[in-house]
Amino acid sequence: MTATYLKTTFGDRLSVTLVESAQVSTIGVGEATFSTVRHFFDYLGLDEREWMPHCGGSYKLGIRFQDWRGPGHHFYHPFERLRVVDGFNVADWWLQIGDRSQPFDRQCYVTSALCEAKASPRAIGGSLFANELDGPLGRSTLAEQRDQFPYAYHFDAAKLAEFLTGYGVQRGVRHVTDDVVQIGQDERGWISHVTTKEHGELRGDLFIDCTGFRGLLINQTLGEQFESFQDVLPNNRAVALRVPKDQEREGMKPYTTATAMGAGWIWTIPLFGRDGTGYVYSDQYCTPEDAEATLRQYAAPGQDDLSANHIRMRIGRNQRSWVNNCVAIGLSSGFVEPLESTGIFFIQHGVEQLVRHFPDERFDQALIDAYNDRVNHVIDGVKEFLVLHYRAAQRDDTPYWKEAKVRPIPDGLAEKLTLASSLLLDEETIYPYYHGFELYSWVTMLLGLGHEPQTPRPALALADPAGAREEFARIEADAARIISTMPSCYDYLASIN
Ligand SMILES: Cc1cc2nc3c(=O)[nH]c(=O)nc-3n(C[C@H](O)[C@H](O)[C@H](O)COP(=O)(O)OP(=O)(O)OC[C@H]3O[C@@H](n4cnc5c(N)ncnc54)[C@H](O)[C@@H]3O)c2cc1C
């Protein structure tokens, strides 16, 4: 992603060499994304029909949170902004006049209905259910996002990386398959070259560390401190399985599922042809053997031949992701566990910000500091949002979930939760810096998990609800119309595969 993005931006004016080892494998997971990943592909000029078939690509309309409020309960966190009526969003109105026998997300969003119907967001032929959002975003970035694009993708990250490598090489990226065995530094401690097994020394002005959790350049060579988030986000391991699926028969879910379990949660990510699944847990509460057994029973009973990938996770971020002439992007920079699928988003954000703060030979420290601030804000904002998931979840049936209710939480989040007991949060009370999640996401998680204000906004008791009633009826009608016209997710994806 980083190499192709830089090459697309700077063309022949910058030479880019991508070094990767054939011996050290990639992490082998990372399959769900944000809807804003669309900006990345459009920036490269890549149509989804071109790349999706290469990497099991499928649609993600949102995340289904299963059992976070208790067994059998579910809600969707969709990619859909809340409609606004008379100055109040429909979530506020729902608290005042909504039908409490129905889940809030199915009254406030059309996307939840598409998820339940396993519907495709695109019609055969390619048009999007929300016509006004159809059309390329051009060379725009995350910062320019004006409209909420209604879906993200699931894909096999390793296959996407292969596809992007081919794409980058065609446009002039030099691709070296080799092992970096040593890092050279000049007298200031800046990186001067990397030494590879077979290609000798590779020199450069700027080095991007994409070596994953190892942080070969940023941590092992430059010694940058890594700040762990384990005090507030205790999950430190995952075990993953790839499960073949007969989707023609079973259908295909256009969403990620995150199911709360005794010591963490399980992801289910439907790719075209198989599911990616994994149990994310804390080894304080569960052994790897028990986690694997739980995952197999949940996701692949009777398929004992499937091999499990056990992963230790480094949760947190570098104090600085850019040090001297080295910028860490990806897991080498930071990672806040897979809930809400933010790893690939961090990569996209990191590389976009790198372009924005790209240095000249002076390496102005102010640019570097500004870059580090942006990256830190994004990761810290996501941290806060994820801690909210565990704190607001209604489960307390195991030691893991009991502990989630009493563990210290970031100060900013404690204030927000106190406020949210009286008023739904608004744009000015969510995490103040850009971190990828908008108001609707915070509101969805609060109401979905059951952290409701004690009363609706008092102002709404005095306001005329007629407009809001009409809007709720419109949402229901829109959802019914879209479902009746869209093909199934499987049928559409089969048509482009
Ligand atoms: C359990 C889990 C689930 C995740 N799920 C999601 C998700 O659903 N959505 C999401 O957006 N993100 C997810 N992520 C994060 C996502 O996996 C990563 O952001 C993404 O795959 C990128 O990883 P990376 O390139 O930083 O590191 P890696 O995939 O680890 O790649 C490291 C690269 O460095 C190379 N390398 C290492 N050492 C050397 C050397 N000495 N010489 C040469 N090359 C070397 C390797 O060959 C490899 O190519 C998940 C992560 C985990 C741990």
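The structure under discussion appears in the preceding block.
A short tour of the structure in this document, coming up. Since we're looking at a predicted model, the values are computed, not measured. (Residues numbered from 1 in each chain as written. Predicted model: local features only at pLDDT ≥ 70, side-chain atom pairs only at ≥ 80, totals over all residues. Heavy atoms only, no water.)

Section: the sheet that holds strand 17 (residues 274-281)
Here seven strands make up an open sheet; going across it, the order is 4-3-15-16-17-14-18 and the pairing mixed. Of all strands in the sheet, those with a lone pairing partner are strand 4 (74-78) and strand 18 (309-312), marking the two edges. Ignoring which end each strand starts from, the neighbouring axes of this sheet average 20° apart. Pairing of strand 3 (residues 62-66) with strand 4, which is carried by five bridges, proceeds in the antiparallel orientation. Paired with Gly62 across the bridge in strand 4 is Pro78. (Pairing = 2+ DSSP bridges. Helix = DSSP H or I, 4+ residues; strand = E, 2+ residues; numbered from the N terminus. Axes fitted to C-alpha atoms, helices over the stretch in contact; angles between N-to-C directions.)

Some remarks on the sheet that holds strand 10 (residues 191-196)
The strands that make up a sheet are held in pairs by hydrogen bonds between backbone atoms, and each pair lies either parallel or antiparallel. Taken together, the three strands give an open sheet; going across it, the order is 9-10-11, and neighbouring strands pair in antiparallel fashion. Looking at which strands have only one partner, the edges of the open sheet turn out to be strand 9 (180-185) and strand 11 (200-203). Ignoring strand direction, the axes of neighbouring strands in this sheet form an average angle of 25°. Alignment of strand 10 against strand 11, held across four bridges, turns out to be antiparallel. Residue Thr195 lies in a different strand from strand 11, and its bridge partner there is Glu201.

Some details on unusual backbone geometry
Even without being a glycine, Asp86 presents a positive backbone phi close to 50°. For Asp86, the location among the structural elements is in the loop between strand 5 (84-85) and strand 6 (88-89). You will see that Phe363, though not glycine, has its phi angle at about 45°, which is positive. In this fold, Phe363 is placed in the loop between helix 11 (343-356) and helix 12 (365-392). For Phe363, a relative accessible area of 12% puts it in the buried group. (Buried < 20%, exposed > 50% of the residue type's maximum accessible area, 1.4 Å probe, protein only.)

Some details on empty space enclosed by the protein
Counted under the stated rule, the structure contains three cavities of 30 Å³ or more. What the largest cavity holds in volume is close to 170 Å³. Every residue lining the largest cavity is counted, 17 residues in all, and those nearest its centre are Phe34, Phe79, Gly436, Phe437 and Tyr440. Of the residues in the lining of the largest cavity, the class split is five nonpolar, nine polar and three charged. Considered as a void within the structure, the second largest cavity measures approximately 80 Å³ in volume. If you go around the second largest cavity, the residues you meet are Ala328, Ile329, Gly330, Ser333, Phe346, Ile347, His349, Gly350, Tyr371, Val375, Val378 and Ile379. When residues of the lining of the second largest cavity are traced back to their parent elements, those giving at least two are helix 11 and helix 12. Of the residues that constitute the lining of the second largest cavity, the class distribution is eight nonpolar, four polar and no charged. (1 Å grid on protein atoms, 1.4 Å probe; cavity = no way out; pocket = protein on both sides within 12 Å on 5 of 7 lines; lining within 4 Å. Points joined across faces, edges and corners; volume = space filled by probe spheres on them. Nonpolar A, V, L, I, M, F, W, Y, C, P; charged D, E, K, R; others polar.)

Notes on the side chain of Asp380
Examined against the element boundaries, Asp380 turns out to sit in helix 12. For Asp380, the side chain forms a polar contact with the side chain of Arg317, separated by 2.8 Å. Setting aside anything within four residues of it in sequence, one finds Asp380 in contact with Phe229, Arg317 and Tyr431. (Polar contact = N/O pair within 3.5 Å; in protein donor to acceptor, adjacent residues only side chain to side chain. Contact = heavy atoms within 4.5 Å.)

Comments concerning helix 13 (residues 399-406)
The set of residues buried in helix 13 consists of Tyr400, Trp401 and Ala404. Down the axis of helix 13, the smallest arc covering the buried residues is 95°, so these residues share one side. Along helix 13, exposed side chains directed more than 90 degrees from the buried face belong to Pro399 and Val406. Here the buried face of helix 13 lies against strand 15 (256-261), strand 16 (264-271) and helix 12. (Arc of directions from axis to C-beta.)

Let's talk about the packing of helix 11 against helix 12
In contact at an axis separation of 10 Å, helix 11 and helix 12 are set at 160° when each is read in the N-to-C sense. Taken as axis vectors, helix 11 and helix 12 run roughly antiparallel relative to one another. Read as a crossing pair, helix 11 and helix 12 show a hand that is right-handed. Residues Phe345, Phe346, His349, Gly350, Gln353, Leu354 and Arg356 of helix 11 lie in contact with helix 12, whose contacting residues are Tyr371, Arg374, Val375, Val378, Ile379 and Val382. Grouping the constituent residues of the contact of helix 11 with helix 12 by class yields eight nonpolar, three polar and two charged. (Parallel < 35°, antiparallel > 145°, perpendicular 65-115°, else oblique. Left-handed = near helix turned anticlockwise from the far one by under 90°.)

Describing the pairing of strand 15
The buried count for strand 15 comes to six of six residues, which makes it a mostly enclosed element. Both strand 3 and strand 15 contribute to a ladder of four bridges, which runs parallel. Among the inter-strand pairings, Arg64 is bridged to a residue of strand 15, identified as Thr257. As defined by bridge partners, strand 15 adjoins strand 16 across five bridges and the pair is classed as antiparallel. Across the sheet, the residue bridging to Thr257 is Thr268, located in strand 16. Taking the residues that link successive antiparallel strands as the turn, the strand 15-strand 16 hairpin has two residues.

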